[in-house]
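Understanding the architecture of this molecule
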Amino acid sequence: MHDRSRYFAPLELVAWQSRLNPQIAETTELTAIDHLRQCVANCTACPLHTTRTQTVFGYGNPQAKLMVIGEAPGLQEDQQGEPFVGRGGQLLTAMLNAIGLTREDVFITNILKCRPPENRDPSAAEAASCTPFLHQQIELIQPHLLLAVGRIAAHHLLNTKASLESLRGQLHAVSNSPAPLIVTYHPAYLLRSPSDKKKAYSDLLLAKNTLYTSSNISLI
Ligand code: SF4
């Protein structure tokens, strides 16, 4: 069990001690998520704060069993404040639907919470500055499984430069996360290369089976 108090302490919150009292636990946890969201909204830790319209914290269920992690917000995400909107977002929703999940069942976020100008790749320094927020999200939400969508998210989370193809089809251990990680294609890539949708579907089936095994009851 990870020590959540190290994340609550900076937020001046009472650490969530147990899920045995769901009412208290849920209230405290939602408050912690909201405070973390506020910390992100106020963040000026890297230069991207000067060019963002708004931060993009994440979307979905704060008690999700599956956390979807992309690389960074794009133009529409920056404008709307929600990750994975537009055509790529619609495809991600369809991908989740294909294994019986909705956007509201999972939690969707990115490595970076602010948009890099011109949608360029995140720099190593930007990713290093923002990753603690992702770790806190994982700590608070406690997903059973992480799904990295796209090469950049996978490379950052696994600290590797291996090809996305070689990273697919297996469970990876991730530092700072008790939940394993599965790698699949980014929806934006699948829009350009629809012939790889079948392979993405097999990744999602692996995710579904992993979730089912870990929860032993349901996926949501
Ligand atoms: Fe802060 Fe992350 Fe935005 Fe950089 S990208 S300003 S670290 S929230």
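The structure under discussion appears in the preceding block.
Residues numbered from 1 in each chain as written. Predicted model: local features only at pLDDT ≥ 70, side-chain atom pairs only at ≥ 80, totals over all residues. Heavy atoms only, no water.

1. A closer look at the site of the ligand
- Surrounding the ligand, one finds C43, A45, C46, H49, R52, K113, C114, S129, C130 and F133.
- Classifying every residue of the shell around the ligand by side-chain character gives six nonpolar, two polar and two charged. (Near = heavy atom within 4 Å. Nonpolar A, V, L, I, M, F, W, Y, C, P; charged D, E, K, R; others polar.)

2. Focus on the pattern of salt bridges
- One pass over the full model with this rule turns up six salt bridges.
- Notably, a salt bridge pairs R103 with E82, separated by 2.9 Å at the nearest N-O pair. Taken together, the residues R103 in the loop between α4 (86–98) and β3 (107–110) and E82 in the loop between α3 (75–80) and α4 connect sequence positions 21 residues apart.
- Taking the relative accessible area as the measure of exposure, E82 reaches 23% and is therefore partly exposed.
- Close ionic contact of R120 with E126 constitutes a salt bridge, the shortest N to O distance being 2.6 Å. (Salt bridge = Lys/Arg side-chain N within 4 Å of Asp/Glu carboxyl O. Helix = DSSP H or I, 4+ residues; strand = E, 2+ residues; numbered from the N terminus. Buried < 20%, exposed > 50% of the residue type's maximum accessible area, 1.4 Å probe, protein only.)

3. Topic: the environment of D78
- By the secondary structure assignment, D78 is in helix α3.
- Taking the C-alpha atoms as reference, D78 lies 5.9 Å from Q54; in sequence the two are 24 residues apart.
- Sequence-distant contacts of D78, defined by excluding residues within four places in its chain, comprise R52, T53, Q54, V56, P73 and R115. (Contact = heavy atoms within 4.5 Å.)

4. Some details on the environment of N159
- Looking at the secondary structure, you find N159 in the loop between α6 (151–158) and α7 (164–167).
- N159 sits in the exposed class, given a relative accessible area of 73%.
- In this structure, the C-alpha to C-alpha distance between N159 and V174, residues 15 residues apart in sequence, is 9.0 Å.

5. Brief notes about unusual backbone geometry
- At F84, a position not held by glycine, the phi torsion is positive, near 55°.
- Checked against the element boundaries, F84 lands in the loop between α3 and α4.
- One non-glycine residue with positive phi stands out, namely N159, at about 50°.

6. Comments concerning helix α5 (residues 124–141)
- Taking 1.5 Å of rise per residue, 18 residues should cover 26 Å, and α5 covers 25 Å from first to last C-alpha, within 8% of that figure.
- At C130, α5 shows its maximal bend, which comes to roughly 35°, and the proline P132 appears one to four places after that position.
- With 13 of 18 residues buried, α5 lies mostly within the body of the structure.
- Phi turns positive, to about 55°, at Q142, one or two residues after α5. (Expected span 1.5 Å × (residues − 1). Bend = angle between axes of the 7 residues up to and from the residue.)

7. With respect to α6
- In terms of residue burial, α6 counts as a mostly covered element, since six of its eight residues are buried.
- Buried within α6 are the following residues: I152, A153, A154, H155, L157 and L158.
- The inward-facing, buried residues of α6 abut β2 (66–70), α5, β4 (145–149), α7, β5 (172–174) and β6 (177–184).
- Among the residues trailing α6, N159 stands out with phi positive, at a value near 50°.

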